[in-house]
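Understanding the architecture of this molecule
These are the residues of each chain, in order.
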Amino acid sequence: MIFLKNGTWIDWQSLEFKKTDILVEEGPDGKILFNPDPERTGHVKAIDCSGKLITRSFANGHHHSYSALARGMPAPKKNPVNFLEILHYIWWNLDKALDLEMIRLSALVTAMSCAKNGVTFVIDHHASPFAIEGSLEILAQAFEEVGVGHLLCYEISDRDGQDIARKGLAETATYLQKRQGLVGLHASFTVGNDTLKQAVDLALAANSGIHIHVAEDKSDEEDCIRHYQMRVIERLESAGALQFSKTILAHCLHLDDRERNLVERSPAWVVQNMESNLNNSVGFFTSKGLGSRIMLGTDGMHSDILRSAQAAFFSGHNFDSIDYGETYRRFRNVHHYLSKNGFSGDSANNLVVLSYDTPTPLTSSNFLEHFLFGFEASDVTHVISRGKLIVESGNLLTVKEQEILAEAQLQAVRLWKKMK
Ligand SMILES: [Zn+2]
């Protein structure tokens with residue numbers, strides 16, 4: 001147990017403020033107790049939180065830890081001029097070269113970065129077509145070593161052939177027998193009907209859902225119309241992929257009104273990844289007609305979901321109906337997605353302690369302005385995950401950060417050399 005003394009609690013749902021001591025119980029179902037009985041706090045590790053803010057820690061609705069070793073890599077052999085070329089010359093070149101050791105380090109450095117940014121739960125979408133078997137368990141163990149909760153999937157695709165698609169299905173089936181997770185698909189344009197059907201069947205059998213990129217670029221819709229005479233959401237709906245409340249549709253940029261209506265009427269969730277969309281020049285997310293089940297992700301660009309929330313607002317308010325409150329609602333929706341679907345690891349005893357110096361008063365009534373224009377990941381001081389202190393005064397307690405970063409650099413050089 002941990003005893004947080006004399007901090008200011010901000011309720012993540014009501015935004016109510018209160019000065020309080022908090023006792024944090026450990027474990028997946030651990031609770032937090034306000035102003036606890038002093039008899040219970042005598043032998044517990046106490047942290048002075050005077051002048052600090054305490055609130056629920058953060059979670060990421062769509063991430064790719066497999067891309068962690070890409071930062072600073074040599075330029076591709078051809079400068080990509082559109083989204084499909086970005087995939088061909090960058091990401092599908094990188095993912096083919098990954099082996100299990102590179103995957104382990106990618107996951108460790110991603111989890112470390114998440115933890116230091118106050119993120120204690122990650123929904124990850126993994127691809128490594130020539131190192132599939134056992135990859136999800138390696139990811140899970142790496143996240144757990146750092147102390148970050150996870151909901152993983154393998155990005156099943158026919159893009160490298162049927163054989164590799166079958167291996168992706170097999171890895172998913174094996175993983176879902178022992179752990180919580182999703183059935184990952186890359187995107188409509190790289191998944192044939194047979195693989196799509198098998199993925200939906202697997203999600204049904206495992207009581208899971210589908211996690212797929214949807215209409216991230218116009219080309220996904222164009223391909224779907226050309227090959228299947230329907231649009232992407234229509235294809236997913238007719239295959240049964242939208243029937244699950246665990247289903248996650250990442251991006252959803254180029255949907256028409258009918259598709260938006262199908263998404264709204266389904267129990268599926270949408271993830272907005274603003275910075276990634278800006279970086280890939282694929283278009284702009286708008287929530288019009290999609291309903292309220294929208295959460296935020298970083299799409300592998302970085303692990304600072306607070307920054308992504310701010311980007312979602314600063315870019316989005318020019319063309320989407322997103323205001324301060326709606327930005328915060330999308331930022332926190334991931335907790336509702338996880339709890340309503342019964343996933344474990346994103347519990348009340350996941351907390352972040354912020355050292356936030358402000359030149360203006362901060363109250364319940366102007367919290368959202370501070371959230372968007374003031375808060376930074378560097379304010380994250382202590383992070384508690386499932387009741388365990390994993391970051392103290394900005395330093396990771398669970399793993400040796402510098403050693404892992406040095407090891408990751410060796411793996412990154414090895415990966416870059418292997419890439420064609
Ligand atoms: Zn993605």
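See the structure above.
Let me begin by describing the structure that accompanies this report. (Residues numbered from 1 in each chain as written. Predicted model: local features only at pLDDT ≥ 70, side-chain atom pairs only at ≥ 80, totals over all residues. Heavy atoms only, no water.)

It is worth spelling out the side chain of Asn 333 at this point. Tracing the sequence through the fold places Asn 333 in helix α12 (residues 324-340). At 2.7 Å, the side chain of Asn 333 and the backbone oxygen of Ile 294 are in polar contact. Each residue touching Asn 333, except ones within four places of it in the same chain, is listed here: Trp 269, Ser 292, Arg 293, Ile 294 and Met 295. (Helix = DSSP H or I, 4+ residues; strand = E, 2+ residues; numbered from the N terminus. Polar contact = N/O pair within 3.5 Å; in protein donor to acceptor, adjacent residues only side chain to side chain. Contact = heavy atoms within 4.5 Å.)

Taken together, the two bridges between strand β1 (residues 2-10) and strand β5 (residues 53-56) define a ladder with parallel strand orientation. Paired with Trp 9 across the strands is Ile 54, a residue of β5. Strand direction decides the pairing type here: β5 and strand β14 (residues 351-354), joined by four bridges, are antiparallel. Looking across to β14, one finds that Thr 55 is bridged to Val 352. (Pairing = 2+ DSSP bridges.)

With that settled, consider the nonpolar core. In this structure, Ile 210, Val 214, Leu 236 and Leu 249 are the most contacted members of the largest nonpolar core, which totals 111 residues. Examining the composition of this core, we find that ten residues originate from one element, helix α3 (residues 100-116), more than from any other. Contacts of Val 214, omitting those with residues within four sequence positions, involve Asp 220, Val 232, Ile 233, Leu 236, Leu 249, Ala 250, His 251, Cys 252, Leu 253 and Leu 255. Ranked by size, the runner-up nonpolar core spans 14 residues in total, among them Leu 182, Met 295, Val 334 and Phe 343. (Core = buried A, V, L, I, M, F, W, Y, C linked by side-chain atoms within 4.5 Å. Buried < 20%, exposed > 50% of the residue type's maximum accessible area, 1.4 Å probe, protein only.)

Protein-derived coordination of the zinc ion comes from His 62 (NE2), His 64 (NE2), His 213 (NE2) and Asp 299 (OD), at a distance range of 2.0 to 2.2 Å. Because the angles between the four donor atoms bound to the zinc ion fall within 91 to 161°, the donor set is best described as irregular. Read from N- to C-terminus, the donor residues coordinating the zinc ion fall into the pattern H-x1-H-x148-H-x85-D. With His 213 in strand β10 (residues 210-214) and Asp 299 in the loop between β13 (294-296) and α11 (305-316), this residue pair connects regions lying 86 residues apart in the sequence. Each member of the pair His 213 and Asp 299 is classed as buried. (Donors = N, O, S within 2.8 Å, 3.2 Å for Na, K, Ca; no water. Tetrahedral: all angles 85-135°; square planar, octahedral: opposite > 155°, others 65-115°.)

Attention shifts here to the sheet that holds strand β7 (residues 119-124). With parallel pairing, three strands are arranged side by side in an open sheet as β6-β7-β8. For this open sheet the edge positions go to β6 (58-63) and β8 (149-151), each flanked by a neighbour on one side alone. Between one strand axis and the next, the sheet turns through 15° on average, direction left out of account. Judged from the four bridges that link them, β6 and β7 form a sheet pairing that is parallel. Its bridge partner being in β7, Ala 59 is matched across the sheet by Phe 121. (Axes fitted to C-alpha atoms, helices over the stretch in contact; angles between N-to-C directions.)

Of the volumes computed, that of the largest pocket is approximately 1,200 Å³. Along its surface, the largest pocket is lined by 46 residues, and Ser 67, Ala 68, Arg 71, Gly 300 and Met 301 are the ones closest to its centre. Counting only elements with at least two residues in the lining of the largest pocket, the list comes to α2 (83-97), α3, α10 (274-280) and α14 (401-418). With seven residues, the single largest contributor to the lining of the largest pocket is α14. (1 Å grid on protein atoms, 1.4 Å probe; cavity = no way out; pocket = protein on both sides within 12 Å on 5 of 7 lines; lining within 4 Å. Points joined across faces, edges and corners; volume = space filled by probe spheres on them.)

Here we take up unusual backbone geometry. Positive phi outside glycine occurs at Leu 15, with the angle close to 60°. Looking at where Leu 15 falls in the secondary structure, it is placed in the loop between β1 and β2 (17-24). Although it is not a glycine, Arg 386 sits at a positive phi angle of roughly 50°. Looking at where Arg 386 falls in the secondary structure, it is placed in the loop between β15 (380-385) and β16 (388-392). The class for Arg 386 is buried, based on a relative accessible area of 18%.

For Leu 262, the location among the structural elements is in helix α9 (residues 257-265). A relative accessible area of 8% places Leu 262 in the buried class. The spacing of Leu 262 and Gly 181 is 81 residues in sequence and 24 Å in space, taken between C-alpha atoms. When sequence neighbours within four positions are dropped, the list of residues in contact with Leu 262 reads Ile 233, Glu 234, Glu 237 and Leu 242.

It is worth spelling out the sheet that holds strand β11 (residues 248-251) at this point. Taken in spatial order, the five strands of this open sheet run β9-β10-β11-β12-β13, and their pairing is parallel. Single-partner strands in this sheet number two, and they are β9 (183-187) and β13. Recorded for the sheet is a direction-independent mean angle of 25° between the axes of neighbouring strands. Direction of pairing for β10 relative to β11: parallel, over a ladder of four bridges. The residue bridging Ile 212 from the neighbouring strand is Leu 249, located in β11. In the packing of helix α6 (residues 193-205) onto the sheet, the strands contacted are β9 and β10, and the crossing angle to β9 comes to about 155°.

A few words now on the state of the cysteines. In this structure the tally under the stated criterion is zero disulfides. Free cysteine Cys 153: the closest other cysteine sulfur is in Cys 114, separated by 15 Å. Lacking any disulfide linkage, Cys 224 is separated from the closest cysteine sulfur, that of Cys 252, by 13 Å. Exposure remark for Cys 224: the relative accessible area of 0% places this residue in the buried category. (Disulfide = S-S within 2.5 Å.)

All right, on to the pattern of salt bridges then. Under the definition given, this model contains 26 salt bridges. Residue Arg 179 pairs with Glu 137 through a salt bridge whose shortest N-O separation is 2.9 Å. Here Arg 179 is found in the loop between α5 (162-178) and β9, whereas its partner Glu 137 is found in helix α4 (residues 135-146), with 42 residues between them in sequence. Take Arg 179: its relative accessible area is 22%, and that puts it in the partly exposed class. Under the relative-accessibility criterion, Glu 137 is labelled buried at 16%. (Salt bridge = Lys/Arg side-chain N within 4 Å of Asp/Glu carboxyl O.)

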